[in-house]
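# A structural walkthrough
Here is how the chains run, residue by residue.
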2 protein chains.
Amino acid sequence: MENNGNQLEGITIEEAQRREDEGYMRLALQEAQKAFQLGEVPIGALVVRRGEVIAQAHNLRETNQTATAHAELLAIEEACRTAGGWRLTDTTLYVTVEPCPMCAGVILQARIDRVVFGAWDPKAGACGSLLHFLQDPRFNHQVIIEAGVLEEDCRAMMKAFFHRLRSKKSEK
Amino acid sequence: MENNGNQLEGITIEEAQRREDEGYMRLALQEAQKAFQLGEVPIGALVVRRGEVIAQAHNLRETNQTATAHAELLAIEEACRTAGGWRLTDTTLYVTVEPCPMCAGVILQARIDRVVFGAWDPKAGACGSLLHFLQDPRFNHQVIIEAGVLEEDCRAMMKAFFHRLRSKKSEK
């Protein structure tokens, strides 16, 4: 059998990374589930620094009635408090859905190294769908992007939420 | 004498709007001055709804050690609290410097009608300099942009700040 990539206890480093990403994405999905139960668009996010979850949050826009209360932004603000500073170097942000322009902007501002997301957002996504400025060399920071981790689960949660929303509306 | 435009007590509506914009921009400059005194990049912002200032803020990134603490974002969060909701329809945001991608994203999220800014930011501006998505029809909201109001004053304050910063660094 041919061996592509480095080995780590019988699996490749790429496979180990994939498993780690999926593990954290499952935690992000748990955060999304909390939003779902509140009647919020079900998006969850985590900030991880060197193997430690330093912040986790879910969308609270309707609950807080604040335009900025997206999962990623709240997680990054919490991460700044935990880390004691606004520069979140050496961190990965996990989020169940592709960030919007605001959240992609926060990721840039906080100097996050890597963003891992689940489902694409073709209507408002800013990490490849409508805009793609996290790797734009004209800005003073660039971010590694990993898309589509547990994509089906993340998309299924969004779909279930909007299906329920439409059912409720049609009942009225 | 030829009369171009509508008349309002002897001045055109465009001229009345320009004077009003300059008046609010002066208040935004006062906010920027507060940031300057704190050693923060001197940017100030206001949210105005039907002739009333409903929020004002200045950059507090270093003071708060939070990546999101830009003047515009803080002003919009305060405006959501004042207005009691995340939809800031019928509002104008005044800011002394062209918003970055994060703040342009917040403007979109909050459904702000109009943005008036002073100085351009060729290195990170997202309202015409590096990005220009506030009028992108693919998003679910578009924003009227008025650039260059009290541009010289706004730019002079930034210039003075960075000049002082460089002087301090060279003293060390």
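Residues numbered from 1 in each chain as written. Chains lettered and ligands numbered in written order. Predicted model: local features only at pLDDT ≥ 70, side-chain atom pairs only at ≥ 80, totals over all residues. Heavy atoms only, no water.

### Things to note about the overall build of chain A
Along the backbone of chain A there are five helices and seven strands. Listing the helices and strands of chain A from first to last along the sequence gives β-β-α-β-β-α-α-β-α-β-β-α. A compact globule built from 172 residues should have a C-alpha radius of gyration of about 16 Å, and chain A, at 17 Å, falls within 12% of that. Considering only C-alpha atoms, chain A reaches an extent of 60 × 40 × 30 Å along its principal axes. Within chain A, buried positions represent 52% of all 172 residues. The contacts of chain A with a sequence gap of at least 6 include a subset with a gap of at least 24, amounting to 58%. Counting every atom, chain A has about 8500 Å² of accessible surface; 49% of that belongs to carbon and sulfur. (Helix = DSSP H or I, 4+ residues; strand = E, 2+ residues; numbered from the N terminus. Rg over C-alpha atoms; globule rule 2.2 N^0.38 Å. Buried < 20%, exposed > 50% of the residue type's maximum accessible area, 1.4 Å probe, protein only. Contact = heavy atoms within 4.5 Å. Areas by Shrake-Rupley, 256 points an atom, 1.4 Å probe, with all protein chains shown as cover.)

### What about the relation of the copies chain B and chain A?
Superposition of chain B onto chain A requires a rotation of 180 degrees combined with a translation of 0.0 Å along the rotation axis, giving an RMSD of 0.0 Å. Both copies are brought into coincidence by an operation consistent with a two-fold rotation axis. Among all residues of chain B, the one whose C-alpha sits closest to the rotation axis is M102 of chain B, at a distance of 2.2 Å. Counting the interface residues of chain B, we find that 100% of their copies in chain A are interface residues as well, pointing to one common contact surface. (Least-squares fit on C-alpha atoms with pLDDT ≥ 70 in both.)

### Observations regarding the pairing of strand β5 (residues 91–97) of chain A
All names here are of chain A. The buried fraction of β5 amounts to seven of the seven residues, a majority that puts the element mostly inside the structure. Looking at chain direction, strand β3 (residues 44–49) and β5 are connected through five bridges and run antiparallel. Of the residues in β5, the one forming a bridge with V48 is T92. Pairing between β5 and strand β6 (residues 114–119): five bridges, direction parallel. Note on β6: the bridge partner recorded for V95 is F117. For the crossover that starts at β5, traverses helix α4 (residues 101–109) and ends in the parallel β6, the hand is right-handed. (Pairing = 2+ DSSP bridges. Right-handed = clockwise from strand over helix to strand, strands pointing away.)

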